[in-house]
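Architecture at a glance
As a plain string of letters, each chain reads:
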Amino acid sequence: MMDNKALAIEAINLVKPAIDQLFNQTCRKELHIVIMNPQLKPWEAPFEDAILHECTFGTPETWPAPFDELARNKAAQAWRDSVSNIDHQTLHPSSLREGDVLFYGSFVYGNIVVACSGVEPWFDMLVSGWIAVALEQLTINEYQTTKASDPTRRYRA
């Protein structure tokens, strides 16, 4: 059985060709991705401990802004309220806290929270959504395959 981190890495690799294609339309070819552990809630673990996986596309040494920090901030906003941070930016700005980033770019799908930073916010959100949905569907595949191969198994290993 694959673990969530391995599935997160597989999800990124699965959508990487689409990200590479999207870079033909974006303001730069730089991106930092943060995936939160869908098994942890904000009241169960500190934010840093709940990050499942991070990765970078491009060259951080040439970034015009700290995209890794911005992606983590977007992820923190989305994770703490279980909604994409576009909701904070557009519908509920009263929920913004001191130090919150003022750009959106996260996506929440069930318990999966993904945030990106590096390109336009709408494309950050698009990539976050691709990864979140891919992660959930890969997990469903792993779950169903495990059940089919061992129908007497009662609990996840």
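In this text, all values refer to a predicted model and were calculated from it rather than measured experimentally. Position numbers for residues count from 1 along each chain, tracking the sequence in the order it is written. pLDDT decides what is reported in this predicted model: residues at 70 or higher carry local features, side-chain atom pairs at 80 or more are listed and counted, and totals for whole chains, interfaces and linings draw on all residues regardless. Think of the side-chain values as coming from all heavy atoms in the structure, minus any hydrogens and water.

**Concerning helix 3 (residues 67–81)**
Only DSSP runs of H or I covering at least 4 residues are called helices, and only runs of E covering at least 2 are called strands; the numbering of each starts at the N terminus. Every helix has an expected span of 1.5 Å times one less than the residues it contains. The terminal C-alpha atoms of helix 3 lie 22 Å apart, and with 15 residues this matches the ideal 21 Å at 1.5 Å per residue to within 8%. In this scheme, a residue with accessible area under 20% of its type's maximum is buried, one over 50% is exposed, and one in between is partly exposed, where area comes from a 1.4 Å probe on protein chains only. Within the sequence span of helix 3, burial applies to Phe67, Ala71, Asn73, Lys74, Ala75, Gln77, Ala78, Trp79 and Arg80. Note on definitions: a residue-residue contact is assigned when non-hydrogen atoms from the two residues lie within 4.5 Å. Of the surrounding elements, those touching the buried residues of helix 3 are strand 1 (31–36), helix 2 (47–50), helix 4 (86–91), strand 3 (106–109), strand 4 (112–117) and helix 5 (121–149). Residue Ser82 follows helix 3 closely and has a positive phi angle near 55 degrees.

**Describing the sheet that holds strand 4**
The four strands are arranged 2-1-4-3 in an open sheet whose pairing can be described as antiparallel. The sheet terminates laterally at strand 2 (51–57) and strand 3, the two strands that pair on one side only. Going across the sheet, the axis of each strand differs from the next one's by a mean of 15 degrees, ignoring polarity. Across six bridges, strand 1 lies against strand 2 in antiparallel orientation. The residue of strand 2 that forms the bridge with Ile35 is His53. Sheet strands in contact with helix 1 (residues 4–22) are strand 1 and strand 2, and its direction is about 30 degrees off that of strand 2. Throughout, an axis means a line fitted to C-alpha atoms (over the contacting stretch in the case of helices), and angles, computed between N-to-C directions, take values from 0 to 180 degrees. Contacting strand 1, strand 3 and strand 4, helix 5 crosses the sheet at an angle of about 150 degrees to strand 4. Two strands form a pair only when DSSP identifies at least two bridges running between them.

**A closer look at unusual backbone geometry**
Located in the positive-phi region is Ser82, a residue other than glycine, with phi close to 55 degrees. Counting through the fold element by element, Ser82 comes out in the loop between helix 3 and helix 4. Of the residues examined, Ser82 reaches a relative accessible area of 45% and is grouped as partly exposed.

**Quick word on the environment of Glu30**
Its location among the elements puts Glu30 in the loop between helix 1 and strand 1. Given a relative accessible area of 12%, Glu30 falls into the buried group. Non-local contacts of Glu30, meaning those with residues more than four positions away in its chain, are made with Phe23, Phe57, Gly58, Thr59, Pro60, Thr62, Trp63, Phe67, Ser117, Gly118 and Val119. Distance and chemistry together define a polar contact, namely a pair of N or O atoms within 3.5 Å, with one atom able to donate a hydrogen and the other to accept it when in protein, and with adjacent residues in sequence counting only for side-chain atoms on both sides. A distance of 2.6 Å separates a polar atom in the side chain of Glu30 from the backbone nitrogen of Thr59. Among the polar contacts made by the side chain of Glu30, one reaches the side chain of Trp63 at a distance of 2.9 Å.

**Topic: the packing of aromatic side chains**
Each pair of aromatic rings taken from Phe, Tyr and Trp, with Trp reduced to its six-membered ring, is defined by centres within 6.5 Å and is described as stacked if the planes are under 30 degrees apart, edge-to-face if over 60, and tilted in the remaining cases. Summed over all chains, the structure comprises four aromatic pairs. Ring plane angle 75 degrees and centroid distance 6.4 Å describe the contact between Phe23 and Phe57, whose orientation is recorded as edge-to-face. With Phe23 in the loop between helix 1 and strand 1 and Phe57 in strand 2, this residue pair connects regions lying 34 residues apart in the sequence. On the accessibility criterion, Phe57 (11% relative accessible area) is buried.

By themselves, these are just geometric observations and shouldn't be taken as functional.
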